[in-house]
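# Observations on chain architecture
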Amino acid sequence: MDIDKTRVRPYGDTPDDGYMQLSFTLPVPCSDESRRAAEILGEKMGLEDAKVVYSHNIADSFSFFVIYGRCIHSVDMTTIEIPKVNAEFMPFEQINRFIETRIGRKIVVVAACTGTDAHTVGIDAIINMKGYRGEYGLERYPWFTAYNLGSQVRNEDLLAKAIEVDADAILVSQVVTQKNVHIDNLTHLAELVEAEGMRDKVLLIVGGPRISHELAVELGYDAGFGPGTLPSHVGSFIAQALARSARNMREPTRGENLC
Amino acid sequence: MNPSVSSAKTAAELGRDDTMQLADIVISSGARNIAVIGLAKNTGKTVALNAIIKGVQASGIRIGVASSGRDGERLDAVTNLPKPRITLQKGVLVATTEELAMNATASLEPLIKTKYVSVLGRLIIYRVSAPGTIEVASGNRASVVKNTTQIMRHLGAELVLIDGAAGRRFSSAPSLADAVILSTGAVVAPTLDGVVARTAHAVEILSTEEWSSPHREDLNPKTLTNQDIVIITSDAVGKQVQNLKVKSVLVSISEIVRRLPGSGNTLILGGVLPGSLLRDLVTHRKAHGSTVVVSDATRILATYRDIALFKSRGGKIAVFHEVHLAAITTSPISPDGRMFKADTLLDAVAKRVRPIPVIDVIAGTARNLPGHDKTQEDKTEGGGVA
Amino acid sequence: MRRLDIDTGLVDRARRAASLIADSTQPIINAYTTTSIERTVLRLLGLSGVDENDVPLPNIIVEQAQAAGLLGDGIAYWIGSAMLHEGLSLSQVAAGLSSGKLSFHRIPRADHDTVRHVIQHEATRVCSYIKARRLEREGLIAGSNSTAPPYLYVIVATGNIYEDVIQATAAAKCGADIIAVIRSTGQSLLDYVPHGPTTEGFGGTYATQTNFRIMREALDVASKECGRYIRLVNYCSGLCMPEIAAIGALERLDMMLNDAMYGILFRDINMQRTFIDQHFSRMINAYAGVIINTGEDNYLTTADAYEEAHTVLASQFINESLALRSGLRPEQIGLGHAYEMDPDIPDGFLYELAQAEMARIIFPNAPLKYMPPTKHMTGNIFKGHLMDAMFNLAGVISGQTIQLLGVLTEHVHTPHLQDRYLSIENAKYIMNNARHLRQEITYKKDGIMEKRANEVLAKATSMLEQVAEIGLMSAIEKAMFASIKRERTGGRGLDGVITKNKGYYNPFPEIFMHELTSSDFSPVLWANQLEGEGRGGGCK
């Protein structure tokens, strides 16, 4: 199928038909008027022929809608640039060899779900022995020492542990968030690390389904890992970043003069 | 602070736009490194930065622009909403990465290639050779920001502007900036009272006063690291200075509290001041008359609640180096569509932070301007008619 | 009807071991009190409120007594002494102490018997109030329509109690039977109970007495409209376990999350503190007719649900044994377990169902609390909705009592209003459609399910026997639970553990236990007492 990458539209059952479904709740009782309101809302969102296919009262004062419509918008995918984590991904064996030869000691990692988040699934997948999708977690790597502190860890406690064990990297996971509290929480951790004078001594890494690398860097992190990240991705990044910073130590501070 | 009253008046008379006052405040502060920080994302930092750039460029001062986050990007990384762009005139120095420079409409001449590589490419100092927009990202940690501003100064920048990242405050440290602009706005809290309270709390923390004590001469703050915890006790017997040497205050809070002989002593922290330390001092009745000293206000990472509790029990917090808060900007609009009446927010914030100048960067109105005391008082009482 | 054939010999051995394990904590419970227990005594005696810095008065007074080294006598003794010496009422004494007009240093020791006489009077009064609230609940239950278990349990978590009320009322009208207000994150680590109505929390709403009252009143209105009694749940865990139990008892909460080991393992709260606190908090819950919910699901959030299933069962036995020692009736002990196996395991549903049936058979009278898939929810809301449906089917077939409904957007955000509506609709559909399937089913002798249940039981029994041999605290020190290692003197809150003096006085345990051990203590918990199922097996 020939797809014009400059005009990508949803595919229902024929190219470019634009079909989408969405569901939402309006804070008014279900009626002919509220159904129409839902359709108008769909149209305002750029859905042609927005049709309510299901509506139902929730608790007398709310109404739930499922809507289908044809999206009139298209996206030019050729202009999209997403900053990606700066690393060449290596497999398990290669990462270990890399650390052995380039760093020459075990890398220490401290990980936790911080703040409000009780969902350890992400951090467990990256750290725990068992790993994720058939890949071992960092605990299993002979050249990593990993501490998984679990969920709802306070930023102060996470940093304390990192200092205690002389960690090379701090991994924070933020899975479920509400009203963007993860932003405040991640900001606080970055501030804490900086204020403690540790920012140049430790890699700060964040992961989670709503975390982009871009956001992570903006908040002061070295890397942000989104959905689908495997332990080897994180392992590769940490190993290479540490090797790089070890090399940087030997470079002059002022950098290279281009004048 | 020695504001130039005449220049402030002139700017106010020439244009109706009081945002130009920001540049005047910046220039008259005599500061060479100015940090613009925000209480959160979307508080109008970039708008404030643009106003300063515009005003300072007009005055002929050579400026350098750096960002500790990312500025002038097209879309917000969280809300995906459009953001204000940054436009630079010829001659301005700017620190940004290779990749972002490629997308700039401004023409750029590379001057120095730094050793720093971020996700967005290598950090380079450019000179603008033809005006246009540009996205600025110059490194997200203190050491990089410090190095970058030093290089720009070395290359001839007379005034370096450091834009902050999201809600981060580290760039306001006196080691990086000698004056600070704080941005606040509707996005900070759902209610007007909430915005005003949070702003006032942040101002209170940022304005923490210098430690003035005869003991100060015993210590060189520059030599302190996060492993230094110094306890100074003075009683009838005399003065005693003791350095505990720990791995970090965070690891040793209970030990520190235990080793503090009682209330009324001074505790100097080489690193961060965490909330749990303040709470523990209160719990163990060691707050009264005690002073906790840190390098500067960016080291205070306790919540306002913890600080207020500590202070209410007779504790004091002081710094070696004060932050100079030159102005506050307000934005009455939040990206989720919430909006306050501009003057209501401006007046409410101005009243709480007096005498710090407050400028609404969206409406272009100002309060607490130096030399405008009388008029501004009238304005406030008259309901803040611009 | 024949269900799974479970080795009753193993069940007896496991219970015996759990009983020994519970005994191993008793010396600590007898020898110490805690700052939170003493604050609870003050709260029960009617003291609430905060000073100008929002510090709760019970904290201020207990801290003063602790600093003066007097807490080992029990705060009740010293409050009584102050009342006698100053000729003041209890609230006047409290006001005097918190304002600094009175000082523990200047209060002389009063005669023990006289103090007891004065305090007993106050204590009895508040106990009759708590009992009246229990009877009020029983009246409301009796006057409402009976629905059949599993009872639908949903969560609200907006951070703002007034917003919570809107969401909870909507959920009740959609068919929820039980509403849990999730606490603000980190509250379990606060060594005080916040005060007043609160509108800003993180990931949940602060548990305060006022918030309890606001929600209870709203749910009473909703109960009337719905014709069913809507139950309210909060969290009796963390550093303020007994205090939360007390305010819950005063405000007629119906259920409390109240696990004996959760705080130790997952919140790093000191184990001595926790064992002492849980004992008193459960006594209050028992007296108030509260159903406790234990937190065994937590064992599976980090560990593999198939491999570690026996740790859930072992913890259930221990929770049961400890709870019985606090005077809780088996009908009040809502033991927890969860549907958390990897959905890719072949026959996973059979294993889940086997374990759910096993729990039902081993704890026939417990109002079992069954928790939904969370770990393997992915953001694919469509598959998630199906997984929740399978979980609901397992719940209705195995006769669970409390079904914590899964939400299709688990792993995405805290539930939106429509998410909760969809999950209630899912549960109602399945539980109505398969209502009596349970009575029609027998399982194959020596089949996959029977083998699985007995395998889990055997592993749990052997684990319990190992723990019993070295004692519960040593076992935790050896990381035998959830692979988490905690030291006897580590964790938060040890500084609040106080040795009881010889004349230690707390008026409440005696009053509570007198009632709890009397033969006519039998709180009415559900409307369908006669139907049996869901109050416990009854159909084995």
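Here, every reference points to the structure presented above.
Residues numbered from 1 in each chain as written. Chains lettered and ligands numbered in written order. Predicted model: local features only at pLDDT ≥ 70, side-chain atom pairs only at ≥ 80, totals over all residues. Heavy atoms only, no water.

Further remarks concern the packing of helix α6 (residues 192-206) of chain B against helix α9 (residues 304-312) of chain B. Residues and elements named next belong to chain B. It is the contact of α6 with α9, at a shortest axis distance of 11 Å, that shows an interaxial angle of 60 degrees. Considering the angle they form, α6 stands oblique to α9. Crossing of α6 against α9: the hand is left-handed. Contacts between α6 and α9 involve H201, E204 and I205 from the first element and Y304, I307 and K311 from the second. Among the residues forming the contact of α6 with α9, the class breakdown is three nonpolar, one polar and two charged. (Axes fitted to C-alpha atoms, helices over the stretch in contact; angles between N-to-C directions. Helix = DSSP H or I, 4+ residues; strand = E, 2+ residues; numbered from the N terminus. Parallel < 35°, antiparallel > 145°, perpendicular 65-115°, else oblique. Left-handed = near helix turned anticlockwise from the far one by under 90°. Contact = heavy atoms within 4.5 Å. Nonpolar A, V, L, I, M, F, W, Y, C, P; charged D, E, K, R; others polar.)

Listed per partner, the contact involves 43 residues of chain A and 46 residues of chain B. Here chain A and chain B share an interface that buries about 4000 Å² over both sides, 51% of which is from carbon and sulfur atoms. For the pair chain A and chain B, the interface holds six salt bridges. Of the charged contacts in the structure, one is a salt bridge between A:E191 and B:R168, with a shortest N-O distance of 3.0 Å. Inspection of the region where chain A meets chain B yields 23 residue pairs in polar contact (both at pLDDT 80 or more). Looking at the side of chain A that touches chain B, the elements with two or more residues in it are α4 (155-164), α5 (181-195), α6 (213-219) and β9 (256-257) of chain A. Per-element accounting of the side of chain A that touches chain B gives the leading share, eight residues, to α5(A). Within the side of chain A that touches chain B, the residues separate by chemical class into 16 nonpolar, 10 polar and 17 charged. (Buried area = accessible area lost by both parts, 1.4 Å probe. Salt bridge = Lys/Arg side-chain N within 4 Å of Asp/Glu carboxyl O. Polar contact = N/O pair within 3.5 Å; in protein donor to acceptor, adjacent residues only side chain to side chain.)

What follows concerns the sheet that holds strand β2 (residues 47-58) of chain A. Residues and elements named next belong to chain A. Strand order in the open sheet formed by three strands is β1-β3-β2, and the pairing between neighbours is antiparallel. Every other strand in the sheet has two partners, leaving β1 (19-26) and β2 as the edge strands with one partner each. The average undirected angle you get between the axes of adjacent strands in this sheet is 20 degrees. In this structure, β1 lies alongside strand β3 (residues 62-71), joined through eight bridges in antiparallel fashion. Looking at the pairing, L22 lines up with I67 of β3. In the packing of helix α1 (residues 32-44) onto the sheet, contacts are made with β1, β2 and β3, and the angle to β2 comes to roughly 140 degrees. (Pairing = 2+ DSSP bridges.)

Attention now goes to the interface of chain B and chain C. On the side of chain C, 10 residues touch chain B, which itself brings seven residues to the contact. Taking both sides of the interface into account, the surface hidden between chain B and chain C amounts to around 690 Å²; carbon and sulfur atoms contribute 34%. The three residues of chain B that bury the most area against chain C are B:R285, B:R305 and B:R313, which together make up 56% of that side's buried surface. Note that C:D51 is salt-bridged to B:R313, the shortest N-O span being 3.6 Å. Counting every contact that joins chain B to chain C gives two residue pairs in polar contact (both at pLDDT 80 or more). Ranked by residues supplied to the side of chain B that touches chain C, first place goes to α9(B) with three residues. Looking at the side of chain B that touches chain C, its residues break down into one nonpolar, two polar and four charged.

Bringing empty space enclosed by the protein into the picture now. Residue and element names in this part refer to chain C. With the rule as written, the count across this model stands at seven cavities of 30 Å³ or more. Of the voids in this model, the largest cavity is the one considered here, and its volume is about 110 Å³. Around the largest cavity, the lining is made up of 13 residues, and of these V312, H337, A338, Q355 and M358 lie nearest the centre. When residues of the lining of the largest cavity are traced back to their parent elements, those giving at least two are α14 (309-325), β8 (336-338) and α15 (348-362). Among the elements that take part in the lining of the largest cavity, α15 stands out by supplying five residues, more than any other. Among the residues forming the lining of the largest cavity, the class breakdown is nine nonpolar, three polar and one charged. Considering only enclosed or pocket space, the second largest cavity measures out at about 90 Å³ in volume. Every residue lining the second largest cavity is counted, 12 residues in all, and those nearest its centre are N145, T147, Y229, R231 and A527. Of the residues belonging to the lining of the second largest cavity, the class tally is four nonpolar, five polar and three charged. (1 Å grid on protein atoms, 1.4 Å probe; cavity = no way out; pocket = protein on both sides within 12 Å on 5 of 7 lines; lining within 4 Å. Points joined across faces, edges and corners; volume = space filled by probe spheres on them.)

The values are spatial; any link to function lies outside them.
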